[in-house]
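Each chain, written out:
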Amino acid sequence: MGDCGRLLAMKQRNWIAGVSLGVFLVSLGLAIYLGVYREELTNPVYELEGSGSPLSAMIVTDVHNHQDTYDNGLSLSKTIEEQKPDYLFLVGDLIDSHTTSLSFLDPLMEAASSIKGLGIYYVHGNHEVELSEERVRELEDYLDSYGASNINNKTVDIGNGYTLSGILDPGYGRGDDYATKVQGYLDEASENLDKSKFNILLCHQPGFTMMCSKAGFDLVLSGHTHAGQGYIFGKALFSTSDYVHGLYRRGDFAHIVSAGCGHSYYMSLRFGAPPEIVSLYLR
C-alpha cells in the first residue's frame, strides 16, 4: 500500500472513530437524561394592559390525554382551585386519535366548574378536527356538561370591555386554500367585532398571528407547538413556526403561545420546554 493508500485508510479510521465517539456520547447523554427526567408542570404568568378592567384567566392547551398530576406534585386542577380565575380558556387538542376515555379531564373540569362564576370557553385544535364527528360530539357533550361554551368561529361579549372569539382549527394543510379557510373563519368570528373593546381570540395554531392582528384582535392565545418539544442550542427541535413559545408583541397587539400541558404521542419527552398551565392577568 502506497503513502496515499495508508493516508486514506488512516482518515477513514479516524472518521469512524469520531462518529463512534459521537454516537456514544449522544447515547450516554440521552441515557443520563432519561434516568433523571421528570415531567414538571410550570405556571408562567403574563400581565398585560387590557380594557382598563381587571380580568384573570388560565389557559390550557394540548393536554393530549395527559393525567392531571405531574412529577413535581403540581396539577392542573389544584392550580385552578388555588388561583380561582375569572375564566378558563381551553385552546384545542384536549384529545387526539389515541384517546380512549375522557376521564383524564375530570379533575380539571370538576375544579373549574366548582369555582363560582368561572366562565369556561373552548375551541378545537387540529387533532379534534381530524377525528370522527361522533368523537368530537362526545367531547363537546362532555365539555357542555360542565357548562363550557363552544366558541368555534364565534364572538361573545364577556363584559367589562372585553370580547372573546374563537376559530375552528383548519387542520393540517398548506397553501392558498389553507389560508383562505383560516381567513373565512376569522371573518365569521369577527363579523360583529366591536373595535372599541379589547378583543381576545382563541386560535389553536400560532401560525396565523398576522391574519389575526389584521382582523382586529388585540390578544391571541395559542398552543399547538408544544414549545417545539424542546430546545438544542436555543433552537426549537420540532417547530417551523415563527411563534413557538411565550409572549410576542407588535405594537399594541400581543400573542401568547403556550407550551401546552401534554406532549406528542410519539415523543413523550421534553427537553428544556416543560409543560405549563398559563395564568393571564389583564388590567
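In short, a report on the structure. (Residues numbered from 1 in each chain as written. Predicted model: local features only at pLDDT ≥ 70, side-chain atom pairs only at ≥ 80, totals over all residues. Heavy atoms only, no water.)

1. With respect to the sheet that holds strand β6 (residues 154-159)
In space, the six strands of this open sheet follow the order β6-β7-β8-β9-β13-β12, with mixed pairing throughout. Lying at the two open borders of the sheet, with one neighbouring strand each, are β6 and β12 (246-250). Each strand axis lies, on average, 20° off the axis of its neighbour in the sheet, ignoring direction. Summarising the sheet, strand β7 (residues 162-166) and strand β8 (residues 198-202) pair through five bridges and their orientation is parallel. By the bridge assignment, Gly166 is partnered in β8 with Leu202. (Pairing = 2+ DSSP bridges. Helix = DSSP H or I, 4+ residues; strand = E, 2+ residues; numbered from the N terminus. Axes fitted to C-alpha atoms, helices over the stretch in contact; angles between N-to-C directions.)

2. Section: helix α3 (residues 106-113)
Working note: α-helix, 3.6 residues per turn, so residues spaced by three or four point in the same direction. What α3 keeps buried is the set Leu108, Met109, Ala111 and Ala112. What you see down the axis of α3 is that its buried residues fit within an arc of 160°, all on one side. (Buried < 20%, exposed > 50% of the residue type's maximum accessible area, 1.4 Å probe, protein only. Arc of directions from axis to C-beta.)

3. Section: the side chain of Thr163
When you line up the elements, Thr163 lands in strand β7. Among the polar contacts listed, one links the side chain of Thr163 to the side chain of Asn199, at a separation of 2.4 Å. The contacts of Thr163, once residues within four sequence positions are left out, are Thr155, Val156, Asp157, Ile158, Leu193, Lys197, Phe198, Asn199 and Ile200. (Polar contact = N/O pair within 3.5 Å; in protein donor to acceptor, adjacent residues only side chain to side chain. Contact = heavy atoms within 4.5 Å.)

4. Section: unusual backbone geometry
A positive phi is found at Lys84, a non-glycine position, where the angle reads about 45°. Positive phi, close to 55°, is recorded for Asp93, a residue that is not glycine. Summarising the element assignment, Asp93 is placed in the loop between β3 (87-91) and α3. Classification of Asp93 as buried rests on a relative accessible area of 1%.

5. Re the pairing of strand β2 (residues 55-60)
Of all six residues in β2, six are buried; the element is thus mostly enclosed. Neither face of β2 is exposed, since Leu55, Ala57 and Ile59 on one face and Ser56, Met58 and Val60 on the opposite face are all buried. Pairing of β2 with strand β14 (residues 278-282), which is carried by five bridges, proceeds in the antiparallel orientation. Note that in β14 the partner of Met58 across the bridge is Ser279. Here β2 pairs with β3 via four bridges, running parallel. Bridging from a neighbouring strand, Val60 pairs with Leu90 of β3. In this fold, β2 hands off to helix α2 (residues 76-83), which returns the chain to β3; that crossover is right-handed. (Right-handed = clockwise from strand over helix to strand, strands pointing away.)

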